[in-house]
Amino acid sequence: MQEYDLIIIGGGSAGLSAAMYGTRLGLKTLTFAEMPGGLITTTHLVENWPGIKSISGPDLGMALYEHAISVGAEIKTEKATKVEKLDDCFYKVITGSGEYKAKTVLFATGTVHKRLGIPGEKEFENKGLSFCALCDGSFYKGKHVIIVGGGDSAVKEALFLTEHASKVTMIVRKDVLRAEPINIKLLESNSKIEVKYQTELMEILGTDRVNGVRFKNGDEMPVDGIFYAIGHNAQTDIAKELGVAVNEKSEIIVNRKAETNLHGVYAAGDCDDAGFKQAITGSAEGVTAAYYAYHTCNENACFNQK
Ligand code: NDP
């Protein structure tokens, strides 16, 4: 079994930043990244990354990946399926094709898109129901689409969709948007966007593709496409199986050193319990985790004897 100082599970902004930083610190680092760049690669524009006024999500994801590779980080596009405690000193990370020994492990496993669990949802996923405006927006040139959600992602995706669609209707369950004021201002001045407040979907309608929605009040609306931007759930199943402590939202509980309840196990980015989740804060948490993993590798009596 190949031995590593730090094995990182997840290749989003947190994981790739940790890979770059850990490798620069001299740690033998391996990252499992199913989708290098992670969630940020599905964002149209990132305009709050300090030092870069505006960059596309895919370009930022690629820059993080290339930076990590340029300093010698090893990245495999594989999914880690299980992490076990090997003995008093080491962990074992298992993938579909192998097993790896790690002095320290970082969970940077991010999130999965939330779903509403309504009729039609499973049936029409990828047949008019999408979770990524950047990926699928161009299929809706001159069409009417709706976007469900009232957070920052929903507002940014609505703005992006107006570059393609003729009309974008936002479906917001409360009477308020929870997005950055700068994005709300842009939305208010965009005549292609209509916001329907205090409105919730009850069913997705269609035949072979989406052709409409039914709301909870019984009204129906014809639509060509639906985008969900209703937030995310932390992806922490393999961490939980290992015995990592999580909060009531299944987010991994970390301290300011990105440490979990298990010695040598760290978490960073959207999968942890930080209250404020941004690509840049995930990146900083990844760097923090790599730094303290470096200390664990150097200071743990276990590794000094071996
Ligand atoms: P949020 O959790 O912020 O917003 C989710 C939205 O979906 C809310 O309006 C919420 O409504 C609504 N919603 C949730 N569940 C349902 C439901 N069952 N039915 C109807 N509506 C629902 O998610 P975002 O993806 O917008 O943002 C997640 C995090 O990512 C935030 O911290 C955000 O700041 C961050 N972000 C960072 C970016 C960056 O780094 N540049 C870019 C975009 C986002 P309600 O308000 O009623 O709860």
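Structure: see above.
About the thresholds
Residues numbered from 1 in each chain as written. Predicted model: local features only at pLDDT ≥ 70, side-chain atom pairs only at ≥ 80, totals over all residues. Heavy atoms only, no water. Near = heavy atom within 4 Å. Polar contact = N/O pair within 3.5 Å; in protein donor to acceptor, adjacent residues only side chain to side chain. Areas by Shrake-Rupley, 256 points an atom, 1.4 Å probe, with all protein chains shown as cover. Nonpolar A, V, L, I, M, F, W, Y, C, P; charged D, E, K, R; others polar. Core = buried A, V, L, I, M, F, W, Y, C linked by side-chain atoms within 4.5 Å. Buried < 20%, exposed > 50% of the residue type's maximum accessible area, 1.4 Å probe, protein only. Helix = DSSP H or I, 4+ residues; strand = E, 2+ residues; numbered from the N terminus. Disulfide = S-S within 2.5 Å. Contact = heavy atoms within 4.5 Å. Axes fitted to C-alpha atoms, helices over the stretch in contact; angles between N-to-C directions. Left-handed = near helix turned anticlockwise from the far one by under 90°. Pairing = 2+ DSSP bridges.

Colleague: What exactly am I supposed to notice about the site of the ligand here?
Modeller: Gly150, Ser153, Arg173, Arg178 and Gln278 are the nearest of the 17 residues found near the ligand. Between the ligand and Ala279, the relevant distance is 2.9 Å, taken from an oxygen atom to a main-chain nitrogen or oxygen of the residue. Across the complex, the protein chains shield 81% of the 930 Å² of accessible surface that the ligand would expose by itself. Looking at the shell around the ligand, its residues break down into four nonpolar, eight polar and five charged.

Colleague: How should the nonpolar core be read in this particular structure?
Modeller: Soluble globular proteins tend to pack their nonpolar side chains together in the buried interior. Grouped together as the largest cluster of nonpolar side chains are 27 residues, with contacts concentrated most on Leu6, Ile8, Val46, Leu60, Ala68, Leu106 and Tyr266. If you list the elements that add at least two residues to this core, you get β1 (2-9), α1 (13-24), α2 (57-70) and α8 (279-299). Considering every element that reaches this core, the biggest residue donor is α1, with five residues.

Colleague: Just checking my understanding: could you explain the state of the cysteines for this structure?
Modeller: The term disulfide refers to a covalent linkage connecting the sulfur atoms of a pair of cysteines. In total, this model carries two disulfides according to the counting rule given. Ordering the disulfide-forming cysteines of the protein chain by sequence position, one finds them joined as 1-4, 2-3. Cys271 takes part in no disulfide bond, and the closest cysteine sulfur, belonging to Cys297, lies 19 Å away. Distance from the sulfur of Cys297, which forms no disulfide, to the nearest cysteine sulfur (Cys302) is 11 Å.

Colleague: Sorry if this is basic, but what is going on with the side chain of Lys92 here?
Modeller: With respect to the secondary-structure elements, Lys92 resides in strand β7 (residues 91-95). When neighbours within four sequence positions are excluded, Lys92 is seen to be in contact with Met1, Lys82, Val83, Glu84, Leu86, Glu99 and Tyr100.

Colleague: What exactly am I supposed to notice about the packing of α1 against α8 here?
Modeller: For any two helices packed against each other, one specifies the crossing angle of their axes together with the interaxial distance. With their axes 7 Å apart at the nearest point, α1 and α8 run at an angle of 35° to one another. When the axes of α1 and α8 are compared, the crossing they make is right-handed. Contacts between α1 and α8 involve Ser13, Ala14, Ser17, Ala18, Tyr21 and Gly22 on the former and, on the latter, Ala279, Gly282, Ser283, Gly286, Val287 and Ala290. Residues belonging to the contact of α1 with α8 are distributed by class as follows: six nonpolar, six polar and no charged.

Colleague: I tried to follow the pairing of strand β8 (residues 99-107) on my own but got confused; where do I start?
Modeller: Consecutive residues of a regular strand have side chains that alternate between opposite faces of the sheet. Counting buried positions over the nine residues of β8 gives seven, a clear majority of the element. When β1 meets β8, the two strands line up parallel, connected through seven bridges. Across the sheet, residue Ile7 finds its bridge partner in β8, namely Val105. Relative to β8, β7 runs antiparallel, the two being bridged by four bridges. The residue bridging Ile94 from the neighbouring strand is Glu99, located in β8. Bridging between β8 and strand β19 (residues 265-267) involves three bridges; their strand directions are parallel. The partner of Val105 across the bridge, within β19, is Val265.

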